[in-house]
Amino acid sequence: MHDVARVLVLHTGGTIGMREGPRGFAPVPGALEEEVARRPMLCDPSEPRFTTARFEDGTRIRYDVVDYDPLLDSANLELSHWARFAADIGARYDDYDGFVVLHGTDTMAYTASALSFLLEGLAKPVVLTGSQIPLSRVRSDGMDNLLTALWIAARSRLPEVMLAFHHKVFRGNRATKVDATELDAFASPNLPPLAEAGIALRVRRELALPMPTTPFRVDPSLSPHVAALRLYPGITESILENFLRPPLEGLVLETYGTGNAPERRALLDVIEAATRRGVIVLNVTQCLHGTVSASYQAGRALADAGVLPGGDLTPEAALTKLCWLLGKRELSRDEVRRRLVTPLRGEMSDERA
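Rules behind the numbers
- Counting from 1, residues in each chain are numbered in the order their sequence is written.
- Side-chain atom pairs in this predicted model are given and counted only at pLDDT of 80 or more, local residue features only at pLDDT of at least 70, and totals for whole chains, interfaces and linings cover all residues.
- Only heavy atoms go into the side-chain values, all of them from the structure, while hydrogens and water stay out.
- Only the stretch in contact is used when fitting a helix axis, every axis being a line fitted to C-alpha atoms; angles between N-to-C directions are given from 0 to 180 degrees.
- We count a stretch as a helix when DSSP gives it H or I for four or more residues in a row; a strand needs E for two or more, and each element gets its number in order from the N terminus.
- Here the angle decides the label: under 35 degrees means roughly parallel, over 145 means roughly antiparallel, 65 to 115 means roughly perpendicular, and every other value means oblique.
- Whether a crossing is left-handed or right-handed is set by the direction in which the near helix is turned from the far one by less than a right angle, anticlockwise for left-handed and clockwise for right-handed.
- We call two residues contacting when some pair of their heavy atoms lies within 4.5 Å.
- Gly falls in the polar group here, along with every residue not listed as nonpolar (Ala, Val, Leu, Ile, Met, Phe, Trp, Tyr, Cys, Pro) or charged (Asp, Glu, Lys, Arg).
- For two strands to be treated as a pair, DSSP must find no fewer than two bridges joining them.
- In the sections that follow, a salt bridge refers to a side-chain nitrogen of Lys or Arg positioned within 4 Å of a carboxyl oxygen of Asp or Glu.
- Throughout this description, buried means an accessible area under 20% of the type-specific maximum (1.4 Å probe, protein chains only), exposed means over 50%, and partly exposed covers the range between.

> What is the right way to look at the packing of helix α2 (residues 79–91) against helix α3 (residues 108–118) in this model?
Look at α2 against α3: their axes get within 10 Å of each other, and the N-to-C directions meet at 55 degrees. In terms of axis orientation, α2 runs oblique to α3. Of the two elements, α2 crosses α3, and the hand of that crossing is right-handed. In contact with Trp82, Ala83, Phe85 and Ala86 of α2, α3 contributes Tyr110, Thr111, Ala114, Leu115 and Leu118. Partitioned by chemical class, the residues of the contact of α2 with α3 number eight nonpolar, one polar and no charged.

> What should I look at first to understand the pairing of strand β2 (residues 18–21) in this one?
For a regular strand, side-chain orientation follows a simple rule: the groups alternate between the two sheet faces. Both β2 and strand β3 (residues 24–27) contribute to a ladder of four bridges, which runs antiparallel. Its bridge partner lying in β3, Glu20 is registered against Phe25. Hairpin connection, β2 to β3: the antiparallel pair is bridged by two residues.

> Whenever I open this one, the sheet that holds strand β5 (residues 98–102) confuses me. Can you help?
Across a sheet, paired strands are connected by hydrogen bonds in the backbone, their directions being either parallel or antiparallel. Strand order in the open sheet formed by eight strands is β4-β1-β5-β7-β8-β9-β12-β13, with mixed pairing between adjacent strands. Unpaired on one side and paired on the other, β4 (60–67) and β13 (201–203) mark the two borders of the sheet. Strand-to-strand twist in this sheet, taken as the mean axis angle between neighbours without regard to direction, amounts to 25 degrees. Bridging between strand β1 (residues 4–11) and β5 involves five bridges; their strand directions are parallel. Of the residues in β5, the one forming a bridge with Leu10 is Val101. Along the sheet, α3 makes contact with β7 (126–129) and β8 (161–165), crossing β8 at roughly 155 degrees. Across the face of the sheet, helix α4 (residues 142–155) comes into contact with β1, β4, β5, β7, β8, β9 (168–171), β12 (195–197) and β13 while running at roughly 155 degrees to β5.

> Quick question: what am I supposed to make of the pattern of salt bridges here?
Pairs may arise between side chains of opposite charge once their charged atoms sit close together. Scanning all chains against the criterion turns up 32 salt bridges. Where Glu35 meets Arg39, a salt bridge forms, and the shortest distance between an N and an O atom there is 3.2 Å. Each of the two residues, Glu35 as well as Arg39, counts as buried. Linking Arg92 and Asp95 is a salt bridge whose minimum nitrogen-to-oxygen distance equals 3.5 Å. On the accessibility criterion, Arg92 (32% relative accessible area) is partly exposed. On the accessibility criterion, Asp95 (47% relative accessible area) is partly exposed. Here the residues in one salt-bridge network are Arg19, Glu34, Glu35, Arg38 and Arg39, joined through shared partners.

As structure tokens, then:
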């Protein structure tokens, strides 16, 4: 007898379930289920509703779909939505082999990063996916993305949050959106894909996180007093000073190259004054590939001002990690700083190694 795996699909919104209306594409309640039911690969008519056809290994996947109310364009997401997604996975954690989160592409990398921190002790696959073209359109990329996500959630047994898109499966907190119009919309600049869906589904288990040794729990604490600022030539001290004012608690500073910034003393003084009063500033590079290091004098000046090196964190992972750690009010500022520069969910390379 072949296996039947169980997966929970959380449909939060996004292009995959949209239809065209008078003001453009928008989420429509029930549209996703209607489109799925018309596709035998996703909904085998000889099986109970929402059961896939057999995969190459003989597996069928039976899944339940939960439509959020309201469905959300991902551009409208807030921190409270990340906490809700995590809580909904936590509430049904023991009932399923894995989870798929259908999500808009614009902020999918932020949500994938956030969930990797909020879901502590995660021992089951959680896979985010969506599409660039709605499932209602003939040329939609949604079916391939959904089938890949379902299989990874049901059968891979990878204990982490992932992002599946255009035949690749990335660690969620290493992914970033790199293309607004092509189907190959996401990349993982500093870590190879965990799996690839070619003629066969190939899973690179040697890259995956180990099984956790701590119990699963959801920690939805997030600080809203975090921001990101991209440096640019000519940025003034007054702009930076205004940006760093209370109630700001943490700042992701996107710098040049390997973590460089202007060496203007007045600018560095503004940053140093903020770090001394407790604002945590985390340095990540504007470059798609590479890491922050103190190879240049311009980078060392930031470190001297109290700025922490973010290694090869993506801006999305840096922001969500900072939100999550600052939301843990029981942690001292020194402990937050220590954890920020330490890999916790595979979100950054371990420079000590």
